[in-house]
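# Close look at the chain arrangement
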Amino acid sequence: MMKPPVKILKYLLPEGFPRSTLMAVQGEPGTGKSMLLIEMAYKTLKMGEPVVFLTMEDTALTTVQKFLTMDWNVLPFLKNRSFKILDCFSYRLEKYKPRKIPERIKKLSDEISLGVDLVSEPDNYDLLWSSLERDLEELGMVERGMVLVDSMTELLTVVSDQADFLESLKNLKAKVCKTLFVPFVYSLHFGVFDQFRTILECFDDGIVDLRFSPTGLQKGLLIKQIRVRRMSGVHHRGEWMTFDIKRGEGVVPLE
Ligand SMILES: Nc1ncnc2c1ncn2[C@@H]1O[C@H](COP(=O)(O)OP(=O)(O)O)[C@@H](O)[C@H]1O
Ligand SMILES: [Mg+2]
């Protein structure tokens, strides 16, 4: 079992969750999927366990900036190699050479470089999964640590054969979750590839739903809520919990 790294999940999963879990974090854009993944990454590192983070929608640099704006300093973890970012977005910038980059951005870029791998062809998922497996080995991830992907939706947009990709994901689940006992957490948007979402849901071990409260929406308010829909192998509370995101704290449950 793994202790959930995020407070609200500790309440929803009082006994923790199996380390062999393939977990989807699902919801509409803006419901807080990326923030939840960022918090899971940081708090796992703080628990002394390694993390591999695949960024599909952001560069490694802008991902690190998101941690820093939350007052979560991940630089030491990148330097001591307990935190690895697989940057699957910056390849889009390969031919783009801006004339002027602010000095502090250059400095931050250098500071994080030890912990960043640039992935030049994320659509080649066999290659992507083998670099991931190499990182897991390098970071000594057996029964410790966590892999996070933000987002699987974006990865689905770049692969050419989605049925083949799904097959590769099942093999990856067998290796990472079921053999190495490392949880694999990915975010997934609602409203795109919904047919795939239904298929993915069949082989997820855990599903965490995020939404805007329906009663809030009626009043024109965006109130974020979280629920654990499924967690194989362990008891979980099934209620919706209302939360906000606060600097320095992350996901904070509201009354
Ligand atoms: N640094 C932050 N501080 C406070 N709130 C934030 C911060 N970053 C994001 N949020 C809040 O979280 C919301 C959801 O962000 P995000 O995690 O990117 O959603 P998703 O990935 O589900 O589309 C934002 O619209 C904002 O309200
Ligand atoms: Mg997001």
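Residues numbered from 1 in each chain as written. Chains lettered and ligands numbered in written order. Predicted model: local features only at pLDDT ≥ 70, side-chain atom pairs only at ≥ 80, totals over all residues. Heavy atoms only, no water.

With that settled, consider a negative patch on the surface. Residues Asp126, Asp161, Asp164 and Glu167 make up a contiguous surface patch of negative charge. Residue position: Asp161 is located in the loop between helix H7 (152-158) and helix H8 (162-177). (Patch = residues over 30% accessible without salt bridge, like charges linked within 9 Å, V, L, I, M, F, W, Y side chains within 5 Å. Areas by Shrake-Rupley, 256 points an atom, 1.4 Å probe, with all protein chains shown as cover. Salt bridge = Lys/Arg side-chain N within 4 Å of Asp/Glu carboxyl O. Lys, Arg positive; Asp, Glu negative; His and termini not counted. Charge placed at Lys NZ, Arg CZ, Asp CG, Glu CD. Helix = DSSP H or I, 4+ residues; strand = E, 2+ residues; numbered from the N terminus.)

A word on the layout of surface pockets. One number sums up the size of the largest pocket: a volume of about 580 Å³. Along the wall of the largest pocket there are 21 residues; nearest its centre are Leu61, Ser90, Leu93, Ser109 and Leu118. Of all the secondary structure elements, the ones that give two or more residues to the lining of the largest pocket are helix H3 (60-69), helix H5 (103-112) and strand E4 (116-118). Tallied by class, residues from the lining of the largest pocket come to 12 nonpolar, five polar and four charged. (1 Å grid on protein atoms, 1.4 Å probe; cavity = no way out; pocket = protein on both sides within 12 Å on 5 of 7 lines; lining within 4 Å. Points joined across faces, edges and corners; volume = space filled by probe spheres on them. Nonpolar A, V, L, I, M, F, W, Y, C, P; charged D, E, K, R; others polar.)

Core analysis: the biggest nonpolar cluster contains 47 residues, and Met40, Phe83, Ile112, Leu148 and Ile226 have the highest contact counts within it. Broken down by element, this core gets its largest block of residues, eight residues, from helix H2 (residues 33-46). For Phe83, the contacting residues outside a window of four places in its chain are Leu45, Val51, Phe53, Phe67, Val74, Phe77, Leu78 and Gly115. In this structure, Leu22, Tyr125, Val147 and Tyr186 belong to the second largest nonpolar core, which totals 34 residues. (Core = buried A, V, L, I, M, F, W, Y, C linked by side-chain atoms within 4.5 Å. Buried < 20%, exposed > 50% of the residue type's maximum accessible area, 1.4 Å probe, protein only. Contact = heavy atoms within 4.5 Å.)

Glancing now at the packing of aromatic side chains. Tallied over the entire structure, the rule returns six aromatic pairs. Where Phe53 meets Phe67, the ring centres are 6.3 Å apart and the plane angle is 75°; that geometry is what we call edge-to-face. Remark: Phe67 occurs in helix H3 and Phe53 occurs in strand E2 (residues 51-55); sequence separation between them is 14 residues. Take Phe53 and Phe67: they sit in the same class, and that class is buried. Relative to Phe83, the ring of Phe67 lies with its centre 5.7 Å away and its plane at 75°, an arrangement referred to as edge-to-face. Linking Phe67 in helix H3 with Phe83 in strand E3 (residues 83-87), this pair joins segments that are 16 residues apart in sequence. (Phe/Tyr/Trp six-rings, centres within 6.5 Å; stacked < 30°, edge-to-face > 60°.)

Another point: unusual backbone geometry. Glycine aside, negative phi is the norm for most residues, and most peptide bonds take the trans geometry. Cis geometry is found at the peptide bond from Asp150 to Ser151, where omega equals 0°. Structurally, Ser151 can be placed in the loop between strand E5 (146-150) and H7. Of note, the phi angle at Phe181 is positive, near 60°, even though the residue is not glycine. Checked against the element boundaries, Phe181 lands in the loop between H8 and strand E6 (184-189). Assessed through its relative accessible area of 37%, Phe181 is described here as partly exposed. Positioned with a positive phi, Phe193 is a non-glycine residue whose angle comes to about 50°. By secondary structure assignment, the location of Phe193 is in the loop between E6 and helix H9 (194-203).

The residue Leu54 is located in strand E2 in this model. In this structure Leu54 comes out as buried when scored by relative accessible area, which is 0%. Linking Leu54 and Glu39, residues 15 residues apart in sequence, is a C-alpha distance of 14 Å. Dropping the residues within four chain positions of it, Leu54 is found in contact with Leu86, Cys88, Leu128, Trp129, Leu132, Leu148, Val149 and Asp150.

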